[in-house]
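Working through the structure, step by step
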Amino acid sequence: MSNWLLWIVQSLLALSFLAAGVMKSVRPLEQLKQSMAWVGRVPPMLVRFIGICELLGAIGLVLPLATGILPGLTVAAASGLALIMIFAAIFHARQGEYREIGLNLILLLLALVVAIGRLPSAHF
């Protein structure tokens, strides 16, 4: 996959996780429950933890490769976000929220594309 196409995928993925991470990290939980029913079924600190992980993952998708400092962290960030999406899909399936799984799978596939596509340039 070409470098510019990977940058497009990385950027879109980073924006998606940045938005989700900010929302889960700072928005009042009562507001989150209105758009994400699962928020009411897990401990509040878990919601915040997921949000912070998504924020860090979004930064990790772009910053290391853009600066040339530890570009292997981009692969690690993409892999970590893929793992979060696997857990999210499993959680939603166990809750019977099958409509939610589609977005998890799309984000999972995009994260895997970035992780695999950037693997050759990954060095720590």
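Residues numbered from 1 in each chain as written. Predicted model: local features only at pLDDT ≥ 70, side-chain atom pairs only at ≥ 80, totals over all residues. Heavy atoms only, no water.

Before going further, it helps to examine the packing of helix H1 (residues 3-26) against helix H3 (residues 44-67). Viewed as axis vectors pointing N to C, H1 and H3 meet at an angle of 150°, and their least axial separation amounts to 7 Å. When the axes of H1 and H3 are compared, the pair comes out roughly antiparallel. The handedness of the crossing between H1 and H3 is left-handed. Here the contact of H1 with H3 is composed, by residue class, of 18 nonpolar, four polar and three charged. (Axes fitted to C-alpha atoms, helices over the stretch in contact; angles between N-to-C directions. Helix = DSSP H or I, 4+ residues; strand = E, 2+ residues; numbered from the N terminus. Parallel < 35°, antiparallel > 145°, perpendicular 65-115°, else oblique. Left-handed = near helix turned anticlockwise from the far one by under 90°. Nonpolar A, V, L, I, M, F, W, Y, C, P; charged D, E, K, R; others polar.)

This part covers the packing of aromatic side chains. Enumeration according to the criterion identifies one aromatic pair in this entry. On the numbers, 6.3 Å between centres and 75° between planes, the contact of Trp38 with Phe91 is edge-to-face. Pair noted here: Trp38 is in the loop between helix H2 (29-35) and H3 and Phe91 is in helix H4 (residues 72-94), with a separation of 53 residues, a long-range link. On the accessibility criterion, Phe91 (23% relative accessible area) is partly exposed. (Phe/Tyr/Trp six-rings, centres within 6.5 Å; stacked < 30°, edge-to-face > 60°. Buried < 20%, exposed > 50% of the residue type's maximum accessible area, 1.4 Å probe, protein only.)

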